[in-house]
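Here are the chains, one letter per residue:
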Amino acid sequence: MKRVLSTSSLLAVGVGASAALWLRHKPNRIKAETFLREWKRKIFPTVYQKSEQLPIHKGGHPHPHDIEDNKMVDEGAMYSVQFYNEKLQ
(Lines give C-alpha, C1' and ligand atoms only; values in the text may rest on other atoms or scores of the structure.)
Protein backbone atom coordinates (compact mmCIF):
# COMPACT_ATOMS: atom_id res chain seq x y z
CA MET A 1 0.00 0.00 0.00
CA LYS A 2 1.13 3.46 -0.79
CA ARG A 3 1.06 6.09 1.97
CA VAL A 4 0.26 9.65 1.08
CA LEU A 5 1.40 12.46 3.38
CA SER A 6 -1.30 14.98 3.95
CA THR A 7 -0.71 18.71 3.98
CA SER A 8 -1.70 19.03 7.62
CA SER A 9 0.82 16.42 8.75
CA LEU A 10 3.59 18.10 6.75
CA LEU A 11 2.61 21.44 8.25
CA ALA A 12 2.68 20.00 11.79
CA VAL A 13 6.15 18.52 11.21
CA GLY A 14 7.37 21.83 9.83
CA VAL A 15 6.03 23.82 12.76
CA GLY A 16 7.51 21.36 15.25
CA ALA A 17 10.92 21.39 13.58
CA SER A 18 11.03 25.18 13.37
CA ALA A 19 9.97 25.47 17.04
CA ALA A 20 12.71 23.03 18.03
CA LEU A 21 15.29 25.03 16.10
CA TRP A 22 14.11 28.30 17.60
CA LEU A 23 14.00 26.95 21.17
CA ARG A 24 17.52 25.58 20.83
CA HIS A 25 18.99 28.88 22.04
CA LYS A 26 18.62 29.83 25.71
CA PRO A 27 17.43 33.47 25.17
CA ASN A 28 14.64 32.21 22.95
CA ARG A 29 13.60 29.65 25.56
CA ILE A 30 13.46 32.40 28.17
CA LYS A 31 11.33 34.57 25.87
CA ALA A 32 8.95 31.69 25.20
CA GLU A 33 8.71 30.83 28.89
CA THR A 34 7.90 34.40 29.95
CA PHE A 35 5.37 34.72 27.11
CA LEU A 36 3.60 31.53 28.17
CA ARG A 37 3.68 32.53 31.86
CA GLU A 38 2.12 35.94 31.10
CA TRP A 39 -0.47 34.36 28.82
CA LYS A 40 -1.40 31.83 31.51
CA ARG A 41 -1.71 34.59 34.12
CA LYS A 42 -4.07 36.55 31.88
CA ILE A 43 -6.23 33.52 31.13
CA PHE A 44 -6.22 31.94 34.61
CA PRO A 45 -5.83 34.64 37.29
CA THR A 46 -4.37 33.61 40.63
CA VAL A 47 -6.34 33.46 43.86
CA TYR A 48 -4.71 36.69 45.04
CA GLN A 49 -5.77 38.53 41.89
CA LYS A 50 -9.31 37.20 42.24
CA SER A 51 -9.49 38.33 45.86
CA GLU A 52 -8.61 41.89 44.90
CA GLN A 53 -11.70 41.97 42.70
CA LEU A 54 -14.16 41.01 45.43
CA PRO A 55 -16.55 43.78 46.51
CA ILE A 56 -15.55 44.00 50.18
CA HIS A 57 -16.62 47.34 51.59
CA LYS A 58 -16.61 46.76 55.36
CA GLY A 59 -14.26 43.90 56.03
CA GLY A 60 -13.79 43.38 59.78
CA HIS A 61 -13.89 47.02 60.89
CA PRO A 62 -17.43 47.98 61.93
CA HIS A 63 -18.32 51.62 62.32
CA PRO A 64 -18.71 52.58 66.00
CA HIS A 65 -22.22 53.99 65.47
CA ASP A 66 -23.51 51.02 63.43
CA ILE A 67 -25.26 49.16 66.28
CA GLU A 68 -26.46 46.13 64.27
CA ASP A 69 -23.02 45.49 62.76
CA ASN A 70 -21.32 45.86 66.15
CA LYS A 71 -23.81 43.38 67.65
CA MET A 72 -23.06 40.88 64.88
CA VAL A 73 -19.30 41.21 65.37
CA ASP A 74 -19.71 40.82 69.14
CA GLU A 75 -21.81 37.67 68.75
CA GLY A 76 -19.28 36.23 66.32
CA ALA A 77 -16.48 36.76 68.81
CA MET A 78 -18.49 35.14 71.60
CA TYR A 79 -19.18 32.04 69.50
CA SER A 80 -15.52 31.03 69.43
CA VAL A 81 -15.17 31.64 73.19
CA GLN A 82 -18.25 29.54 73.95
CA PHE A 83 -17.03 26.76 71.65
CA TYR A 84 -13.65 26.71 73.43
CA ASN A 85 -15.30 26.65 76.85
CA GLU A 86 -17.58 23.74 75.87
CA LYS A 87 -14.60 21.76 74.58
CA LEU A 88 -12.67 22.43 77.78
CA GLN A 89 -15.51 21.19 80.03
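What counts, and where the lines are drawn
Residues numbered from 1 in each chain as written. Predicted model: local features only at pLDDT ≥ 70, side-chain atom pairs only at ≥ 80, totals over all residues. Heavy atoms only, no water. Helix = DSSP H or I, 4+ residues; strand = E, 2+ residues; numbered from the N terminus. Buried < 20%, exposed > 50% of the residue type's maximum accessible area, 1.4 Å probe, protein only. Areas by Shrake-Rupley, 256 points an atom, 1.4 Å probe, with all protein chains shown as cover. Salt bridge = Lys/Arg side-chain N within 4 Å of Asp/Glu carboxyl O. Patch = residues over 30% accessible without salt bridge, like charges linked within 9 Å, V, L, I, M, F, W, Y side chains within 5 Å. pLDDT = per-residue confidence, 0-100. Contact = heavy atoms within 4.5 Å. Expected span 1.5 Å × (residues − 1).

(A) Expanded view of the overall build of the chain. Along the chain, the regular secondary structure elements total four helices and zero strands. Listed N to C, the secondary structure of the chain is α-α-α-α in terms of helices and strands. Buried positions account for 3% of the 89 residues belonging to the chain. Of the roughly 8900 Å² that the chain leaves accessible, carbon and sulfur atoms contribute 64%.

(B) Highlighting the pattern of salt bridges. A complete count under the given rule lists two salt bridges for this structure. Taking the shortest distance from any N to any O, the salt bridge between Glu33 and Arg37 comes out at 2.6 Å. Note that Glu33 and Arg37 are positioned in helix 2 (residues 26-43) at a spacing of four residues, about one turn of the helix. Taking the relative accessible area as the measure of exposure, Arg37 reaches 47% and is therefore partly exposed. Taking the shortest distance from any N to any O, the salt bridge between Arg41 and Glu38 comes out at 2.8 Å. Here Arg41 pairs with Glu38, and both are found in helix 2, just three residues apart, close to one helical turn.

(C) Expanded view of a nonpolar patch on the surface. The grouping of Phe35, Leu36, Trp39, Ile43 and Phe44 at the surface amounts to a nonpolar patch, some 600 Å² of accessible area in total. With respect to the helices, strands and loops of the structure, Ile43 is situated in helix 2. With a relative accessible area of 46%, Ile43 lands in the partly exposed category.

(D) Up close: the confidence of the model for the chain. This prediction gives the chain a mean pLDDT of 79; 73% of its residues lie at or above 70. When mean pLDDT is compared element by element in the chain, helix 1 (residues 7-22) scores highest at 92, while helix 3 (residues 47-52) scores lowest at 67.

(E) Here's a closer look at the side chain of Asn28. One can find Asn28 in helix 2. Filtering out sequence-adjacent residues up to four positions away, Asn28 remains in contact with Trp22 and Leu23.

(F) Quick peek at helix 1. Compared with an ideal rise of 1.5 Å per residue, which puts 16 residues at 22 Å, helix 1 spans 22 Å between its outermost C-alpha atoms and is within 8% of the ideal. Counting buried positions over the 16 residues of helix 1 gives zero, only a small fraction of the element.

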